[in-house]
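# Notes for the structure review
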Amino acid sequence: MKFSIYRFNPDVDKKPYMQDYDVVLEDSDQMLLDALLRIKDLDDSLSLRKSCREGVCGSDSMNINGKNGLACVTKLSDLEEPVVLRPMPGLPVIRDLVVDMTQFFEHYNSVKPYLINNDAPPEAERLQSPEDRAKLDGLYECILCGACTTSCPSFWWNPETFVGPAGLMQAYRFMADSRDQALDERLENLEAPDRLYRCHNIMNCVDVCPKKLNPSLAIAKIKDLKFEQAREHKVIAKKKIEIKAI
Amino acid sequence: MVIELLTKRYPGMRAWLMQRLTALIMAVYSVMLFLRICVLQPDTYAAFLEFFQPTWFRIASWLFWISLSIHAWLGIRDVFKDYVPNMQVRSGLLKILVVLLWVYIAWASWLFLM
């Protein structure tokens, strides 16, 4: 099977180049990651990330024939030859298919992706009704592979300011959590013009998500919540004015 | 009520909401324009002049134009923000855009309101 793989070693190469490989695969090689490991046996200078090999860790996300995805869950039989592999776009390349995800995780951290609850911890766990728990479906499954964020043009053009689909979906995951008490704070955190509203519903994120999640819908729900919050603030502000007048 | 939300307190939501409000106005006007053309079927220049004669329709057309200008401003500003990283070039382009949109608004005001 033929492959064309992006190669760049900043210690040696002045600029990136594409290297062709023609690999004989075994019957057991079903997924793209299997082929990549076969290539790595032939050329151990090829760098890539991988870990779980079953679409759970999100390490081996890369650009596969022009579309972001996970090598470990991409079937070789679905790919056209030569298979063109590049690092995920929009992030600095460390080496070959490995990108620097610092920016991605800075945005992720900026939405405070953890439960904020100031009540005293209960003896056992914080309980949820089955209905409230169901609200987290389609949100908590994100594996932070970065495929969505790095396929988003709004992120390419505004990487320092736009949180990106993955970060925003995690922001909504905690907004939607009945145990969380920081909805207002979370919404205020996204008010700066570029943090949330740079999303223009291009929906590349939905197209590429290897877990079939819908970050675009989560972003739309945050915008709805922001609208509701603004309306509530207006009511509160009016009440304060009324009290003063009396 | 919605107008009160278009304040500096919500810098992010302001543009987003404004874009949707203006889109709504343009959508309503477009349907109205289509229905009006279907009913009145103006086929001559004189008929078109007559078509735009009622005051309410001229005000509606002017509102459509204002909405289009605001919508275009927000949209093109985003495009420039994405694709023109050089601040001086971007600022120059935005200034040209503002002048152009104001000229169009003045022209539309003269057409529809004078």
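Residues numbered from 1 in each chain as written. Chains lettered and ligands numbered in written order. Predicted model: local features only at pLDDT ≥ 70, side-chain atom pairs only at ≥ 80, totals over all residues. Heavy atoms only, no water.

## Some words on the overall build of chain B
Rule in force here: Numbering of helices and strands runs from the N terminus; a helix is a DSSP stretch of H or I covering at least four residues, while a strand is a stretch of E covering at least two. Per-residue accessibility, obtained with a 1.4 Å probe over protein chains only, is compared with the maximum for each type, and a residue is labelled buried under 20%, exposed over 50%, and partly exposed between these values.
Secondary structure assignment for chain B yields four helices and zero strands. Counted from the first residue to the last, chain B has its helices and strands arranged as α-α-α-α. For chain B, the C-alpha atoms occupy an extent of roughly 50 × 35 × 25 Å along the three principal directions. Split into buried and exposed, the 114 residues of chain B put 30% on the buried side.

## Some remarks on the side chain of Asn63(A)
What counts here: Polar contacts here mean pairs of N or O atoms no more than 3.5 Å apart (in protein, one a potential hydrogen donor and the other a potential acceptor; neighbouring residues in sequence count only if both atoms are side-chain atoms).
Relative to the helices and strands, Asn63(A) is located in strand S3 (residues 61-64). Within the structure, the side chain of Asn63(A) is placed 2.9 Å from the side chain of Asn68(A), a separation counted as a polar contact.

## Structural notes on the domain arrangement of chain A
Residue and element names in this part refer to chain A. Put simply, the test is: Either an automatic procedure or a domain database provided the assignment from which the domain bounds are taken. We call two residues in contact whenever any of their non-hydrogen atoms come within 4.5 Å of each other. Buried area, as used here, totals the accessible surface that two parts lose on assembly, with accessibility defined by a 1.4 Å probe and the loss added over both. Put simply, a salt bridge is a Lys or Arg side-chain nitrogen that is within 4 Å of an Asp or Glu carboxyl oxygen. Charged residues are taken to be Asp, Glu, Lys and Arg, nonpolar residues to be Ala, Val, Leu, Ile, Met, Phe, Trp, Tyr, Cys and Pro, and polar residues to be all remaining types, Gly included.
Here chain A is described as being made up of domain 1 (2-99) and domain 2 (102-245). At the junction of the two partners, domain 1 supplies twelve residues and domain 2 supplies 13 residues. Together, the buried faces of domain 1 and domain 2 total about 1,000 Å²; carbon and sulfur atoms form 64% of this surface. On the domain 1 side of the contact with domain 2, Lys-67, Asn-68 and Leu-91 bury the most area, a combined 39% of that side's loss. Across the domain 1-domain 2 interface, the total number found is one salt bridge. A salt bridge links Lys-67 to Asp-207; its shortest N-O distance comes to 3.6 Å. Counting every contact that joins domain 1 to domain 2 gives four residue pairs in polar contact (both at pLDDT 80 or more). Element by element, the count of residues in the side of domain 1 that touches domain 2 is highest for strand S4 (residues 67-70), at three residues. Its residues assigned to classes, the side of domain 1 that touches domain 2 comprises six nonpolar, five polar and one charged.

## Overview of the pairing of strand S1 (residues 2-7) of chain A
All names here are of chain A. Basically, it comes down to this: Only when DSSP finds a minimum of two bridges between them are two strands counted as paired.
With respect to burial, S1 is a largely interior element, five of its six residues being buried. Inspection of the sheet shows S1 paired to strand S2 (residues 17-22) by six bridges, in the antiparallel sense. Opposite Ile-5, over in S2, you have Gln-19 as the bridge partner. Across three bridges, the pairing between S1 and strand S5 (residues 83-86) is parallel. Note on S5: the bridge partner recorded for Ile-5 is Leu-85.

## Here's the deal with the pattern of salt bridges
A pair can form between side chains of opposite charge whenever their charged atoms are brought close. Evaluation of the coordinates by the stated rule reveals 18 salt bridges over all chains. Residues Arg7(A) and Asp43(A) are paired through a salt bridge, measuring 3.0 Å at the closest nitrogen-oxygen approach. Of this pair, Arg7(A) sits in strand S1 while Asp43(A) is found in the loop between helix H1 (32-42) and S3, placing the two residues 36 residues apart along the sequence. One exposure class covers both Arg7(A) and Asp43(A), and it is buried. The network of salt bridges with common partners includes Asp194(A), Arg198(A), Asp78(B), Lys81(B) and Asp82(B).

## A few points about the packing of aromatic side chains
What counts, and what does not: Any two rings among Phe, Tyr and Trp, with Trp reduced to its six-membered ring, count as a pair given centres within 6.5 Å; such a pair is stacked if its planes are under 30 degrees apart, edge-to-face if over 60, and tilted if neither. A ring is scored as having a charge over it whenever the NZ atom of a lysine or the CZ atom of an arginine sits within 6 Å of its centre and within 35 degrees of its normal.
Summed over all chains, the structure comprises 14 aromatic pairs over all chains. With 4.6 Å between their ring centres and 25° between their planes, Tyr29(B) and Phe64(B) make a pair best called stacked. Here Tyr29(B) is found in helix H1 (residues 11-40), whereas its partner Phe64(B) is found in helix H3 (residues 55-83), with 35 residues between them in sequence. Overall, the relative accessible area of 7% leaves Tyr29(B) in the buried class. On the basis of relative accessibility, which here comes to 18%, the residue Phe64(B) falls in the buried class. Judged by centre distance (5.9 Å) and plane angle (65°), the rings of Phe48(B) and Phe51(B) are edge-to-face. One end of the pair, Phe48(B), and the other, Phe51(B), are both in helix H2 (residues 45-51), three residues apart, so they sit about a helical turn from each other. One aromatic cluster is present, formed by Tyr29(B), Phe48(B), Phe51(B), Phe52(B), Trp56(B), Phe57(B), Phe64(B) and Phe112(B) through successive ring pairs. Positioned over the ring face of Tyr140(A) is Arg133(A), at 4.8 Å from the centre of the ring.

## Side note on the nonpolar core
If you look at soluble globular proteins, the nonpolar side chains tend to sit buried side by side. Condition: Take the buried Ala, Val, Leu, Ile, Met, Phe, Trp, Tyr and Cys residues and link them wherever side-chain atoms come within 4.5 Å; each set so joined is a nonpolar core.
Leu168(A), Tyr172(A), Met175(A), Leu190(A), Leu196(A), Ile222(A) and Met13(B) are the most contacted members of the largest nonpolar core, which has 40 residues in total. Counting residues per element, the ones that place at least two in this core are helix H2 (102-110), helix H5 (165-175) and helix H8 (215-245) of chain A together with H1 of chain B. Examining the composition of this core, we find that six residues originate from one element, H5(A), more than from any other. Each of domain 1 (2-99) and domain 2 (102-245) of chain A contributes no fewer than three residues to this core. With residues up to four places along the chain from it excluded, the contact list for Ile222(A) reads Leu168(A), Ala171(A), Tyr172(A), Met175(A), Leu187(A), Leu190(A) and Leu196(A).

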